[in-house]
Amino acid sequence: MSENVMVRLEGVTKIFTDCTAVDNQDLDIYEGEFLTLLGPSGCGKTTTLRMIAGLEIPTNGRILIHGEDVTFNLPSERDTSIMFQNYALFPHKTVGENIAFGLKMRGIDKKEQEIKVREMLDFVQLPAVYDRKPHQLSGGQCQRVALARSLVMQPSVLLLDEPLGALDAGLRKAMQLELKNIQRKTGITFIYVTHDQEEALTMSDRIAVMQNGVIEQLAPPSVIYEQPKNEFVAKFVGRCNLIPGKVIEQENGLVLVSNDALGRLRAKNPAGEIRAGEEVKILVRPEKVWFSNQNNTANGTVISKAYVGSRVDYQIECNGLVLLVEADALVDLYIGDEVDVCWEAKDSIIMPKNFCNTTE
Amino acid sequence: MANRTTNAKSKMEFNKVLLLMLILIVLFIIYVPIFLLILFSFSEGRFQVFPITGYTLKWYAQMFADPSFVKSLGNSLILAGSTSVTATIIGFFGAYSALRSNMKFKNIFSSSMLLPLAIPYILLGVALRIYFFNLKVPLSLFTVYLGHLTFTIPLAFLTIRARIAQIPMTYEEAAWDLGASRLVTLKEIVLPLSFPGIIASLLLTFTFAFDEFIIAYFLTRFEMTLPIKIWSTLITGFDPRVNAVGTMVFLITLIIVFLAQKNAFDQV
């Protein structure tokens, strides 16, 4: 990934008649990057994408592609191509005509159109559907055709609006890998919109977690997952245990926190300075917790058990506080069993309470 | 117990028969006059009475021999044809802009497009006659054409709007994104996808314009349409040729309705 900025949003705001969809957003997207806009529905991620594509005009701010201001350019005048959730394949045209549509608009001659279209169909591994109509294709095939129709234009930026949303789980997994491979092979900048955190974590170079038209955190997947900036991000990208407490002191990069139920706990503090006496929450991911009596230990009772195949989810009640534990399927506990739970201090982080649901 | 079920069963059977009879009566009331019209158009006698003494095609022959009948049929076909094409073109653009533009007062625009449908034809006819008279436009088939547009455009607008409303916006957005201008998108995407609506609109407005009497009566003088010709033939006493004309008109309408239905079913 080079460090050239491909797409830049400067203070972009979009106000619809009844709401602010995107609020004063700054964002740099680098050349060859796979960036995901992740958030719940109505958070402004699709609006952001549509503004980059030129399908919406920002109320305020500028959009630059290749350093050139394209805020008011038509979709056809931008070096971008968008893939819609419903694929938007033209139902009255054959697959070949669909993929050739953009080339035809560029005035490329018929013979060359066909050569390029067939190349593209080979590339997305659908060589045999040239003469079919979209309604004769399966969902996965439609998706590949839509991808081919966008890629044949050789855009610098490919915008994807929840492209896998309509596929079943198995196919979605396969297409995730394939999209990522295609992105690597072509070197095209992908801007990907999804509300599926797993999809975002698997595919992205960076994730922008959005809420209420604002980016809450912009970071690589591992940072988003392991060091979420606030409670919203933490909850959105995965399940979590949030243990409230009061800061006692800070020592060797770890913070000592007291909790009514569990006593004294140690946790990392990536945010930096913190005052003694401050109300905080400690985040521990359920898969970081195991049954043993070391480190941050608590004693509790199993109150529920759910078999999920590769693992077992337990809820453990410790002095009124319920902890979620994702355990190995080999662990075999029963409801009512007394157990010791623990996690390493480095696997838990401090989340200042005043960061919750606020923006900086 | 068994008795009760049989009772309920026979009651249901009875209701079914009742419903069937009702349907038959309605169909009878609707279609018998038309059937009689067709039957008497082949009857030899000058008067419409039973028993029919013999069958003949002479009324058809006489009708086609009368140049004024042929002329009025021609007038009506030209009128209905041009009205339906014009109304459909205007209706298409009206429907497209009513759905896709982001102009203000879109709702007012839509309802003002539909208003003429609510105005009685006789008022439209009188108003337009006064209007053309004051503008010194001579009454002719052309003024009838303009008059018919006032109520066929809303029909076309409604029919085509229903169709375009079913086309997802993303098709057009995808076309723009792939480099098509608005106009090219209209031609490449919207037009082919709203084709069933356009056909339906053409057929619907054609039959309305072909049958319409009141507005045509007020807005023409010497160039008669077929309904006016039929009316003026009948005010001087019954003429069996009218049965032949009626049968022909029925046939033309039937063909058009059949085409419209087929078009509608092909879409399902």
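It should be noted that the structure appears before, not after, this text.
Residues numbered from 1 in each chain as written. Chains lettered and ligands numbered in written order. Predicted model: local features only at pLDDT ≥ 70, side-chain atom pairs only at ≥ 80, totals over all residues. Heavy atoms only, no water.

Describing the overall build of chain B
Filter applied, for reference: Runs of H or I in DSSP of at least four residues are treated as helices and runs of E of at least two as strands, each being numbered from the N terminus. When we talk radius of gyration, it's over C-alpha atoms, and the globule rule is simply 2.2 Å times the number of residues to the 0.38. The buried label applies to any residue whose accessible area, calculated with a 1.4 Å probe on protein chains only, is under 20% of its type's maximum; exposed applies above 50%, and partly exposed to all values in between. We call two residues in contact whenever any of their non-hydrogen atoms come within 4.5 Å of each other. Positive charges come from Lys and Arg, negative ones from Asp and Glu, while His and the chain ends are left out of the count. Charge placement uses NZ in Lys and CZ in Arg. For Asp and Glu, CG and CD serve respectively.
A count of helices and strands for chain B gives twelve helices and zero strands. Mapped from its N terminus to its C terminus, chain B presents α and β elements in the order α-α-α-α-α-α-α-α-α-α-α-α. At 24 Å, chain B has a C-alpha radius of gyration far larger than the 18 Å of a compact globule built from 268 residues. Projected onto the principal axes, the alpha-carbon positions of chain B cover approximately 80 × 70 × 30 Å. Within chain B, buried positions represent 40% of all 268 residues. For chain B, the proportion of contacts with a sequence separation of at least 24, taken over those separated by at least 6, is 71%. Charge-centre separation for chain B: the mean point of 20 positive side chains lies 7 Å from the mean point of 12 negative side chains.

Thoughts on the layout of surface pockets
The line we're drawing: Cavity: a set of points on a 1 Å grid over the protein atoms alone where a 1.4 Å probe fits but cannot get out. Pocket: an open set with protein on both sides within 12 Å along at least five of seven lines, its lining residues, like those of a cavity, having an atom within 4 Å of a point. Grid points are joined across faces, edges and corners, and a volume is the space filled by probe spheres set on the points.
Roughly 750 Å³ of internal volume is contained in the largest pocket. The wall of the largest pocket is formed by 25 residues, among which Leu55 and Glu56 of chain A together with Asn102, Trp176 and Arg182 of chain B lie closest to the centre. With three residues, helix H7 (residues 169-177) of chain B is the largest single contributor of residues to the lining of the largest pocket.

Concerning the sheet that holds strand E15 (residues 290-291) of chain A
Residues and elements named next belong to chain A. To be explicit about the condition: DSSP calls a pair of strands paired once it identifies at least 2 bridges connecting them.
The antiparallel open sheet is built from five strands, whose spatial order is E15-E19-E16-E17-E18. Each having just a single partner strand, E15 and strand E18 (321-328) make up the two edges of the open sheet. In the sheet, strand E16 (residues 298-307) pairs with strand E17 (residues 311-318) via six bridges, with the strands oriented antiparallel. Paired with tyrosine 307 across the two strands is valine 312, which belongs to E17.

Details of the pattern of salt bridges
The cut-off we apply is this: Salt bridge, as applied in this entry: a Lys or Arg side-chain nitrogen positioned within 4 Å of an Asp or Glu carboxyl oxygen.
Applying the stated criterion across every chain yields a total of 25 salt bridges over all chains. When the shortest N-O distance is used, the salt bridge between aspartate 196 of chain A and arginine 172 of chain A registers 3.3 Å. A residue pair is termed long-range when its members are at least 10 positions apart, and aspartate 196 of chain A in the loop between strand E8 (189-194) and helix H6 (197-203) and arginine 172 of chain A in helix H5 (residues 169-186) qualify at 24 residues. The partly exposed category is assigned to arginine 172 of chain A, whose relative accessible area is 22%. Between aspartate 347 of chain A and lysine 346 of chain A there is a salt bridge whose closest N-O contact spans 3.5 Å. If you follow the salt bridges from partner to partner, you end up with Lys14, Arg50 and Glu56 of chain A together with Glu173 of chain B in one network.

Regarding the interface of chain A and chain B
Heads up, the rule is: Accessible area that two parts lose when put together, with a 1.4 Å probe and added across both, is what the buried area reports. Here a polar contact is recorded for every N or O atom pair within 3.5 Å, except that within protein the pair must consist of a potential hydrogen donor and a potential acceptor, and residues adjacent in sequence are included only if both atoms are side-chain atoms.
Opposite the 22 residues of chain A that make contact, chain B presents 16 residues. By the criterion of area lost to chain B, the three top residues of chain A are His92, Phe101 and Met105 of chain A, representing 27% of everything that side buries. For the pair chain A and chain B, the interface holds three salt bridges. Of the charged contacts in the structure, one is a salt bridge between glutamate 173 of chain B and arginine 50 of chain A, with a shortest N-O distance of 2.6 Å. At the boundary of chain A and chain B, one finds eight residue pairs in polar contact (both at pLDDT 80 or more). Every element with two or more residues in the side of chain A that touches chain B is listed here: helix H1 (45-53), strand E6 (80-83) and helix H2 (95-105) of chain A. The greatest single-element share of the side of chain A that touches chain B, amounting to four residues, is contributed by H2 of chain A.

Digging into the sheet that holds strand E5 (residues 68-69) of chain A
Residues and elements named next belong to chain A. Spatially, the four strands line up as an open sheet ordered E2-E1-E4-E5, and their pairing is antiparallel. The open sheet terminates on both sides in strands that have one partner only, identified here as strand E2 (20-30) and E5. Examined bridge by bridge, strand E1 (residues 5-15) and E2 share seven bridges and lie antiparallel to one another. Within E2, the position partnered with valine 12 by the bridge is glutamine 25.

Some points on the environment of glycine 67 of chain A
All names here are of chain A. Counting through the fold element by element, glycine 67 comes out in the loop between strand E4 (60-65) and E5. With relative accessibility at 56%, the residue glycine 67 sits in the exposed group. Sequence separation of glycine 67 and glutamine 154 is 87 residues, and the distance between their C-alpha atoms is 19 Å.

Remarks on a nonpolar patch on the surface
All names here are of chain B. As a reminder, the rule being used: Each patch groups residues whose relative accessible area exceeds 30% and which form no salt bridge, using 9 Å between like charges and 5 Å between nonpolar side chains of Val, Leu, Ile, Met, Phe, Trp and Tyr. All accessibility values rest on the Shrake-Rupley procedure with a 1.4 Å probe; residue burial counts only the protein chains present in the view.
A contiguous nonpolar patch, built from Leu19, Leu20, Leu22, Ile23, Leu24, Val26, Leu27, Ile30 and Tyr31 and spanning about 870 Å² of accessible area, is present on the exposed surface. The topology assignment puts leucine 20 in helix H1 (residues 2-41). A relative accessible area of 53% means that leucine 20 is categorised as exposed.

Considerations on the packing of H2 of chain A against helix H8 (residues 182-193) of chain B
As a reminder of what qualifies: Angles here are taken between N-to-C directions and fall from 0 to 180 degrees, while the axes themselves are lines fitted to C-alpha atoms, restricted in helices to the stretch in contact. Angles below 35 degrees are treated as roughly parallel, those above 145 as roughly antiparallel, those between 65 and 115 as roughly perpendicular, and all remaining angles as oblique. When the near helix sits turned anticlockwise from the far one by under a right angle, the crossing is termed left-handed; a clockwise turn instead gives a right-handed crossing. Each residue receives one of three labels: charged for Asp, Glu, Lys and Arg, nonpolar for Ala, Val, Leu, Ile, Met, Phe, Trp, Tyr, Cys and Pro, and polar for the others, Gly being one of them.
Running from N to C, H2 of chain A and H8 of chain B point in directions that differ by 155°, and their axes come no closer than 13 Å. As summarised for this structure, H2 of chain A and H8 of chain B are arranged roughly antiparallel, according to the angle between their axes. As for how H2 of chain A packs across H8 of chain B, the hand of that crossing is right-handed. Contacts from Phe101, Lys104 and Met105 of chain A of H2 of chain A reach H8 of chain B at Val184, Glu188 and Ile189 of chain B. Each residue belonging to the contact of H2 of chain A with H8 of chain B can be placed in one class, and the counts come to four nonpolar, no polar and two charged.

Concerning the packing of H2 of chain A against helix H3 (residues 110-123) of chain A
Residues and elements named next belong to chain A. Relative to each other, H2 and H3 sit at 120°, their axes nearing to 9 Å. Our classification of the angle between H2 and H3 gives oblique. Viewed along their axes, H2 and H3 form a crossing whose handedness is right-handed. Contact with H2, carried on its side by Val95, Gly96, Ile99, Ala100, Leu103 and Lys104, involves Gln113, Lys116, Val117 and Leu121 of H3 and no other residues of that element. The class makeup of the residues in the contact of H2 with H3 is six nonpolar, two polar and two charged.

Examining the pairing of strand E9 (residues 206-211) of chain A
Residue and element names in this part refer to chain A. By the criterion of burial, E9 is predominantly enclosed, with six of the six residues buried. Because side chains alternate across E9, one face comprises the buried residues Arg206, Ala208 and Met210, and the other comprises Ile207, Val209 and Gln211, equally buried. In this sheet, E9 lies alongside strand E3 (residues 34-38) in parallel orientation, the contact comprising four bridges. Across the sheet, leucine 37 pairs through a bridge with alanine 208, a residue of E9. The antiparallel hairpin formed by E9 and strand E10 (residues 214-219) contains two residues in its connecting segment, where asparagine 212 sits at a positive phi of about 50°.

By themselves, these observations are geometric and do not establish any function.
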